[in-house]
Amino acid sequence: METVQLIDPRTGRVRGSSAVAREAQVGAATRAGRRALAGWRALTPRERSRRLDRLAGLIEEHAAEYVALECAGTGKPEHEAAGEVEQTADLFRFYAWAARTRSAPAAGGLVAGHESWVRWEPLGVVGVVVPWNYPLLMAAWRCAPALAAGNTVVAKPAETTPDSLLLFAAHAGEALGEAVAQTLPGDRESGRLLVAGDVDMVAFTGSARAGADVAARAGTKRVSLELGGNSPVVILPDAPDDTWEQLARATTYNAGQSCAVPARVITLGVNYETVVDRLGEAMRRRAAGRDFGPLNNPDQAARYDRIVAASSAKVTVTGELALEDGESGGHWRPARILADLPDDDPAVVEEVFGPLLTVQSAPSVEDAIALANGVPQALAASVWTRDLEAGLDLAGRLNAGEAWLNCHLVQTAELPHGGRGASGHGTDLSTLALDEYQRPKTITARVTTPWSG
C-alpha cells in the first residue's frame, strides 16, 4: 500500500508515515460497512444506545492517548486537544441518548378504511470526509448522529491527521462491532474514491471548492456539506468591556483554523479607532507557541501568507512568537490585526483560516449589517453590545446559521450548527442532525374488509 510522510506542524520535521487508501482499500471498507449494516440497523435503539455509550466511555478512558495523537497531528496545545477529546466523548454520549428519543411524524387513519405509519430508516453506509483542523471532533460531529440513526460509517481523515481516527476505529470496533465505524486513511484521491464509491450518503466538511467537487462526484447520493465561513463580528460603541479579550481568544483558538472563528470585525465610524486600538492590544497579548498552536501544513501556511501579502491594509498589528527549542521550523504565525483596508480586500473576502482579524468601518448600523452579509459565506456571526434588545435584533438579521451575542464559538451538543449559501447546507449537532442520516418511509394498510355480493 502507498504511504505518505507525516509532518509535525510544530517543528516541520517528519514524525512518521501513514497508509494511503486506493480503490482496493476503499472497496474493501465499503463492502465491510455494508456487511455490518444489517446487524447494526437491526439493533433496538436501546442496544445501539448502550454501545455508543460504551464508545464514549472508551474515549474517556483513553483520553490521554487521544490528546497525544491530536497534538502530534495538529500541533495544537494540550489544553485545546484535551477539551476537544472531552467534547467528543460527550457528543457520543449525547447521541446515545438521542437514539432512544426519536418520534415519527403524525400518522393514523388519514384515509378511510386504512391505517398509516411513518417510520424513520437509516440511509445505509455513510462516507464521512473530515478536515485537519479538528480531526477527532469533526469526525464525531458526523459519525455520532449517523451511527445513532442506524447507519454504518467509513471515515476518511485528512492526509496530515489520521492518528486519532485510527485509534477511534479500534475503539469503535470494540464497542460497536466489527466494521460499524471504520477509518480509511489517505489523501484527496482517497476521499474522491470514497465519495464516488459504494456509499449511500456523503458527509463532508472542508473548503467550498472541495465541497463543489464532492457534490459533483456524489451524483444522486444525499450529501451534507459544511464548507467553512468568513464570520462577521459587529461591534457597537457600547460593547462590553471584555469584548476585546473574548474576541482575541476566540480568534486565536486553534490558531484561527475554525470554520466559525471570528474573521471580519465591523464597527461604526465613531468607534473605529477604539476598536482597532483595543483589539490590537488584546491580540498582542496572545503569543503563538504559548497561547495557541501553529498552522497545520505548508499549503495552509503558504495560503495564509499569500492573503496577508496581498492585503492593502494600512494598519497592521502583530503579536509575538513564544516558541520552544526546536520549533523554529514549524508553521507558526502570530496573531494579527489588519485595518484601514478596502471592503474588497483579499483578507476580507477570502476565508483566511488563521489567527487574523480584519477591522472595517461602517457609517451606520444598517451599513454594518450590509457589510456583514456581503460575502458568499454564511456560517456564523456575532454581535457585541450592552443593549440586549438591539443585539438580539441584529443577531436575527445576520445571514448566518449560528449567531452569538456577546460571545463567540460557544457551542454544545444540544444546539444545531449549519451553514447557508457558500457555507454549505445540512445540520450538525442537536437531535436535528439525526434527520441528515435517515429517511422516512410511509406504510399504509387497509384494515376494512371490502364488500362482496
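Here, the structure is the one placed above.
What you see is a predicted model; the values in this text were computed from it and never measured.

1. Regarding the packing of aromatic side chains
In step 1: Per the stated rule, a full pass over the model turns up four aromatic pairs.
In step 2: Here Phe 94 and Tyr 95 contribute two aromatic rings whose centre-to-centre distance is 5.0 Å and whose plane-to-plane angle is 85°, an arrangement assigned as edge-to-face. Here Phe 94 matches Tyr 95 in class, with each residue buried.
In step 3: Centroid distance Trp 132 to Phe 353: 5.7 Å. Interplanar angle 75°. Geometry classified as edge-to-face. Linking Trp 132 in the loop between strand 4 (125–129) and helix 5 (135–148) with Phe 353 in the loop between helix 12 (346–349) and strand 13 (356–362), this pair joins segments that are 221 residues apart in sequence.

2. Re the sheet that holds strand 12 (residues 336–339)
In step 1: The strand order 11-12-13-10-9-15-16 describes an open sheet built from seven strands, whose pairing is mixed. Strand pairing shows two members of the sheet lacking a second neighbour, strand 11 (315–318) and strand 16 (402–405), which therefore form its edges. Averaged over all pairs of adjacent strands, the angle between strand axes in this sheet comes to 20°, irrespective of strand direction.
In step 2: Here helix 9 (residues 243–252) sits on the sheet in contact with strand 9 (231–235), strand 10 (262–268), strand 13 and strand 15 (380–384), set at roughly 170° to strand 9.
In step 3: On top of the sheet, helix 13 (residues 365–372) reaches strand 9, strand 10 and strand 13; it is set at about 160° to strand 10, its chief contact.

3. Concerning the nonpolar core
In step 1: Phe 92, Tyr 95, Leu 147, Phe 168 and Leu 176 are the most contacted members of the largest nonpolar core, which totals 57 residues.
In step 2: Examining the composition of this core, we find that eleven residues originate from one element, helix 5, more than from any other.
In step 3: If we skip the residues at most four places from it in the chain, Leu 147 touches Trp 40, Arg 48, Leu 52, Phe 92, Thr 152, Val 153, Leu 176, Val 180 and Ala 181.
In step 4: Core analysis: the next-biggest nonpolar cluster, separate from the first, contains 35 residues, Leu 247, Ala 255, Leu 295 and Val 317 among them.

4. Overview of the sheet that holds strand 6 (residues 181–183)
In step 1: Taken in spatial order, the six strands line up as 6-5-4-7-8-18 in an open sheet, and their pairing is mixed. Every interior strand has two partners, whereas the edge strands, strand 6 and strand 18 (424–425), have only one.
In step 2: Bridge count between strand 4 and strand 5 (residues 152–156): five bridges; the pairing is parallel. Its bridge partner being in strand 5, Val 125 is matched across the sheet by Thr 152.

5. Description of the layout of surface pockets
In step 1: Roughly 1500 Å³ of internal volume is contained in the largest pocket.
In step 2: Together, 47 residues line the largest pocket, and Trp 132, Arg 188, Gly 206, Ser 207 and Ala 210 are the ones closest to its centre.
In step 3: Contributions of two or more residues to the lining of the largest pocket are made by strand 1 (2–7), helix 7 (188–196), strand 7 (201–205), helix 8 (208–218) and helix 11 (298–310).
In step 4: Estimated volume of the second largest pocket: approximately 630 Å³.
In step 5: As for the second largest pocket, its lining consists of 31 residues, and the residues nearest its centre are Gln 87, Tyr 134, Tyr 253, Leu 409 and Gln 411.
In step 6: Elements with a minimum of two residues in the lining of the second largest pocket: helix 4 (78–98), helix 5 and helix 9.
In step 7: Element by element, the count of residues in the lining of the second largest pocket is highest for helix 4, at seven residues.
In step 8: Taken together, the residues of the lining of the second largest pocket break down into 14 nonpolar, nine polar and eight charged.

6. Remarks on unusual backbone geometry
Glycine aside, the phi torsion of most residues is negative, and most peptide linkages are trans.
In step 1: In this structure, Ala 179 takes a positive phi of about 65° despite not being glycine.
In step 2: The residue Ala 179 is located in the loop between helix 6 (163–176) and strand 6 in this model.
In step 3: The exposure class assigned to Ala 179 is buried, which follows from its relative accessible area of 15%.
In step 4: Positive phi values are uncommon outside glycine, yet Asn 254 reaches one of about 55°.
In step 5: Here Asn 254 is to be found in the loop between helix 9 and strand 10.

Thresholds, definitions, all that
- Residue positions are counted from 1 within each chain, in the order its sequence is given.
- At least 70 in pLDDT is required for a residue's local features to be given in this predicted model, at least 80 for side-chain atom pairs to be given and counted, and no such filter applies to totals for whole chains, interfaces and linings, which use all residues.
- Hydrogens are left out, water is left out, and the side-chain values use all remaining heavy atoms of the structure.
- For Phe, Tyr and Trp, where Trp contributes only its six-membered ring, two rings pair if their centres lie within 6.5 Å, and the inter-plane angle classes them as stacked under 30 degrees, edge-to-face over 60, or tilted in between.
- For the exposure calls, accessible area comes from a 1.4 Å probe over protein chains only, and a residue counts as buried if that area is under 20% of its type's maximum, exposed if over 50%, partly exposed in between.
- Here a helix means four or more residues in a row that DSSP labels H or I, a strand means two or more in a row labelled E, and each is numbered from the N terminus.
- Only strands that DSSP links by at least two bridges are regarded as paired with each other.
- Structural elements are reduced to axes, namely lines fitted to C-alpha atoms, with helices fitted over the stretch in contact, and the angle between N-to-C directions of any two is expressed from 0 to 180 degrees.
- We call two residues contacting when some pair of their heavy atoms lies within 4.5 Å.
- In this description, a nonpolar core means a group of buried Ala, Val, Leu, Ile, Met, Phe, Trp, Tyr and Cys residues linked to one another through side-chain atoms lying within 4.5 Å.
- A cavity here means a set of 1 Å grid points, computed over protein atoms only, where a 1.4 Å probe fits but cannot escape. A pocket is an open set with protein on both sides within 12 Å along at least 5 of 7 lines, and lining residues have an atom within 4 Å of a point.
- Grid points are joined across faces, edges and corners, and a volume is the space filled by probe spheres set on the points.
- The classification used treats Ala, Val, Leu, Ile, Met, Phe, Trp, Tyr, Cys and Pro as nonpolar, Asp, Glu, Lys and Arg as charged, and all other residues, Gly among them, as polar.

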